[in-house]
Amino acid sequence: MTCNRRTDLINGLLDLAAFLEAHPEVPVSSHAVVHHFPEYDSDADMRAEIDQIAAHVGSRIDFEDSPYGHYATTVCFGPVEYRAVAVLTAARARHAAEQSYTGCIEPDPAPAT
C-alpha cells in the first residue's frame with residue numbers, strides 16, 4: 001500500500017471531526033493549526049515555495065515572523081489554520097547555537113510554595 005501523506009491527513013481530519021461531533025463530552029482546543037514546512041533548501045527556494053503556496057490559497061506573506069527568520073503564509077477556516085512556514089538559514093543556525101548550551105547551565109531551584 002502506497003502512503004499518501006495528503007490523503008492520510010485529510011482522512012485523519014475528517015475522522016477527528018466525526019469523532020468530536022459524536023463525543024461532545026470530549027474537550028477541544030479553541031483552535032487548530034496544520035503546519036507545512038518546506039524541505040531545507042536554499043532560503044530563496046524555500047521563499048519561492050511559500051510564495052507559490054500563498055498564490056494558491058490567496059493569502060499574503062506574513063511578515064510578523066520575519067524578525068525571527070521565518071517566512072510564512074496563512075489561510076484560516078474559522079478556528080482552523082493552514083500555515084506554511086520556511087525557517088530560514090539564520091534562524092536554524094541561531095536555534096542550533098542556543099541548543100548547544102542545553103545541559104550546560106543549571107538554574108537555581110524554584111522556591112517551594
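Refer to the structure presented above.
Residues numbered from 1 in each chain as written. Predicted model: local features only at pLDDT ≥ 70, side-chain atom pairs only at ≥ 80, totals over all residues. Heavy atoms only, no water.

Some points on the side chain of Arg83
Then, in step 1: By the element assignment, Arg83 lies in strand β4 (residues 80-87).
Then, in step 2: Residue Arg83 is classed as buried on the basis of its relative accessible area of 10%.
Then, in step 3: A distance of 2.5 Å separates the side chain of Arg83 from the side chain of Thr74, its partner in a polar contact. (Helix = DSSP H or I, 4+ residues; strand = E, 2+ residues; numbered from the N terminus. Buried < 20%, exposed > 50% of the residue type's maximum accessible area, 1.4 Å probe, protein only. Polar contact = N/O pair within 3.5 Å; in protein donor to acceptor, adjacent residues only side chain to side chain.)

Remarks on the sheet that holds strand β3 (residues 70-77)
Then, in step 1: Taken in spatial order, the four strands line up as β1-β4-β3-β2 in an open sheet, and their pairing is mixed. Since the sheet does not close on itself, it has two edges, and those belong to β1 (32-36) and β2 (61-62), each with one partner.
Then, in step 2: As judged from the five bridges shared by β1 and β4, these two strands associate in the parallel manner. Bridged to Val33 within β4 is Glu81.
Then, in step 3: Of the strands in this sheet, β1, β2, β3 and β4 touch helix α2 (residues 43-57), which is tilted by about 20° from β3. (Pairing = 2+ DSSP bridges. Contact = heavy atoms within 4.5 Å. Axes fitted to C-alpha atoms, helices over the stretch in contact; angles between N-to-C directions.)

Side note on the pattern of salt bridges
Then, in step 1: What the rule picks out here adds up to two salt bridges.
Then, in step 2: Between Asp62 and Arg83 there is a salt bridge; the shortest N-O distance is 3.1 Å. Of this pair, Asp62 sits in strand β2 while Arg83 sits in strand β4, and the two are 21 residues apart along the sequence.
Then, in step 3: On the basis of relative accessibility, which here comes to 23%, the residue Asp62 falls in the partly exposed class.
Then, in step 4: Between Glu81 and Arg83 there is a salt bridge whose closest N-O contact spans 4.0 Å. For the pair shown, Glu81 and Arg83 are each scored as buried.
Then, in step 5: Salt bridges sharing partners connect three or more residues here, namely Asp62, Glu81 and Arg83. (Salt bridge = Lys/Arg side-chain N within 4 Å of Asp/Glu carboxyl O.)

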